[in-house]
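# Structural overview
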Amino acid sequence: MVLPSFASEAKNRLESALFTLPALNYSFDALEPHIDKLTMEIHHDRHHKAYVDNLNKAVTGTSAASLSLEAMMGQMSQLPVAIRNNGGGHWNHSFFWKLIGPTTASKPSTELLAQIQKDLGGLDTFKTEFAKAATGRFGSGWAWLIWKEGKLVISSTPNQDNPLMDVAEVKGTPILALDVWEHAYYLKYQNKRADYITAFWNVVNWDFVSQQYSSIKK
């Protein structure tokens, strides 16, 4: 699968004891007008960076310092809440930056589109149900499209939890995600989360999402 790889990061941490903030593959203004430049800059350079910095503080001097981020996800029930919140925030955002972008395919691959039709009733129905999961998440959290037990499933998680965590109510492998924390949209959309969700579809990198699906199915 093509989940964000933290293998080299884990190796580097054995030497530096630090997680690192990944660079974006596009400029802060590349998603205009759908996601504005200032939101992207603050979201990446401040919010995501804060998760990375606080995760480093949380793991320092603990047994978790030697774990990869993926390994942490699988044993969150045994780790402090600071690692859960900040480790989740680091993983979720690292994934999110990859599945949005300025140059995107207009639709899912033929293979993924067929699976969406089979499991979720088609692309339009999927978008409607995904929007319900995103708008229905009270407070802060995430909406997800995941692969679970041989089919596509829509779910949501609170705070910075994700479906890879052993504490998740619905576990699975992420294919697509949407950050519905207010910091992801409030400067442009204020309290209109639904408008942000609609705009999100204009920046989805369906090439990456389709690759996720394809790699999981192998």
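Residue positions within a chain follow its written sequence, with the count starting from 1. Under the rules for a predicted model, residues below a pLDDT of 70 receive no local features and side-chain atom pairs below 80 are neither given nor counted, while totals for whole chains, interfaces and linings still include all residues. For the side-chain quantities, the full set of heavy atoms in the structure was used; hydrogens and water were omitted.

An unreviewed UniProt entry lists the protein under the name Superoxide dismutase, with Aquirufa aurantiipilula as the source organism. UniProt positions are given in the numbering used here, feature names are shortened, and annotations may be inferred rather than shown by experiment. For the record of the protein, the UniProt heading Sequence similarities (unreviewed entry) holds the text "Belongs to the iron/manganese superoxide dismutase family."

All right, on to the overall build of the protein then. Only runs of H or I of at least four residues qualify as helices and only runs of E of at least two qualify as strands under DSSP, and these elements are numbered from the N terminus. Summing up its helical and strand segments, the protein has nine helices and three strands in all. When the helices and strands of the protein are listed from N to C terminus, the series reads α-α-α-α-α-α-β-β-β-α-α-α. Structurally, the protein occupies a C-alpha span of about 50 × 40 × 30 Å along its principal axes. Put simply, the protein has 218 residues, and 48% of those count as buried. Carbon and sulfur atoms make up 51% of the accessible area of the protein, which totals about 10,100 Å². Counted as positive: Lys and Arg. Counted as negative: Asp and Glu, with His and the chain ends omitted from the count. Positions of charges follow a simple convention, taking NZ of Lys, CZ of Arg, CG of Asp or CD of Glu. Distance between charge centres in the protein, computed from 21 positive and 21 negative side chains, equals 3 Å. Any residue under 20% of the maximum accessible area for its type is buried, any over 50% is exposed, and the rest in between are partly exposed; the area is computed with a 1.4 Å probe on protein chains only. Accessible areas in this description were obtained via Shrake-Rupley with a 1.4 Å probe; residue shielding takes into account the shown protein chains only.

A few words on the nonpolar core. Take the buried residues of types Ala, Val, Leu, Ile, Met, Phe, Trp, Tyr and Cys, join any two whose side-chain atoms come within 4.5 Å, and each joined set is a nonpolar core. By size, the foremost hydrophobic cluster in this structure holds 59 residues, and its most contacted members are Met72, Leu99, Leu176 and Phe200. Residues in contact with Leu99, not counting those within four places in the same chain, are Leu176, Ala177, Phe200, Val203, Val204, Asn205, Phe208 and Val209. Between two residues, a contact is recorded if the distance between any of their heavy atoms is within 4.5 Å.

Let us look at the environment of Lys171. Tracing the backbone shows Lys171 in the loop between β2 (151-158) and β3 (173-179). Residue class for Lys171 comes out partly exposed when judged on its relative accessible area of 40%. When the C-alpha atoms of Lys171 and Ile146 are compared, they prove to be 8.3 Å apart, with 25 residues separating the residues in sequence. Discounting residues that sit within four places of it in the chain, Lys171 has contacts with Ile146, Lys148, Pro163, Met165 and Asp166.

With that settled, consider the UniProt feature "domain: Manganese/iron superoxide dismutase N-terminal" (unreviewed entry) in the protein. The residues that UniProt annotates with the feature "domain: Manganese/iron superoxide dismutase N-terminal" (unreviewed entry) are residues 19-99. Between the C-alpha atoms that bound residues 19-99 there is a distance of 21 Å. The span itself is 59% helix and 0% strand.

The next thing to look at is the pairing of β2. The sheet contact formed by strand β1 (residues 141-148) and β2 spans eight bridges and is antiparallel. By the bridge assignment, Ile146 is partnered in β2 with Val153. Think of it this way: DSSP has to see at least two bridges between two strands before they count as a pair. Linkage of β1 to β2, two consecutive antiparallel strands, is achieved through a turn of two residues, within which Glu149 is found at a positive phi near 50°.

This chain's UniProt record puts "domain: Manganese/iron superoxide dismutase C-terminal" (unreviewed entry) on residues 108-211. Here residues 108-211 runs as 41% helix and 22% strand, with 10 Å between its end C-alpha atoms.

This part is about helix α9 (residues 206-217). By definition here, a helix of n residues has an expected span of 1.5 Å times n minus one. When the terminal C-alpha atoms of α9 are compared, their 16 Å separation across 12 residues agrees well with the 16 Å that a helix rising 1.5 Å per residue should span. Turning to α9, its buried residues are Trp206, Phe208, Val209, Ser210, Gln212, Tyr213, Ser215 and Ile216. As for α9, its buried residues are in contact with α4 (81-99), α5 (110-120), α6 (123-136), β1, β2 and β3.

Salt bridges are identified by distance alone: a Lys or Arg side-chain nitrogen within 4 Å of an Asp or Glu carboxyl oxygen. Per the stated rule, a full pass over the model turns up four salt bridges. The partner of Lys49 in a salt bridge is Asp53, with the nearest N and O atoms 2.8 Å apart. Remark: Asp53 and Lys49 occur in helix α2 (residues 37-59); sequence separation between them is four residues, near one turn of the helix. Looking at Lys49, the relative accessible area reads 37%, which means it is partly exposed. A salt bridge links Arg84 to Asp161; the nearest nitrogen and oxygen atoms lie 2.6 Å apart. Taken as a pair, Arg84 in helix α4 and Asp161 in the loop between β2 and β3 lie far apart in primary sequence, 77 residues in all. A residue is classified by how much of its surface remains accessible, and Asp161, at 5% relative accessible area, is buried.

Looking now at the environment of Leu164. Inspection of the secondary structure assignment puts Leu164 in the loop between β2 and β3. Note: C-alpha distance between Leu164 and Ala71 (93 residues apart in sequence) is 9.7 Å.

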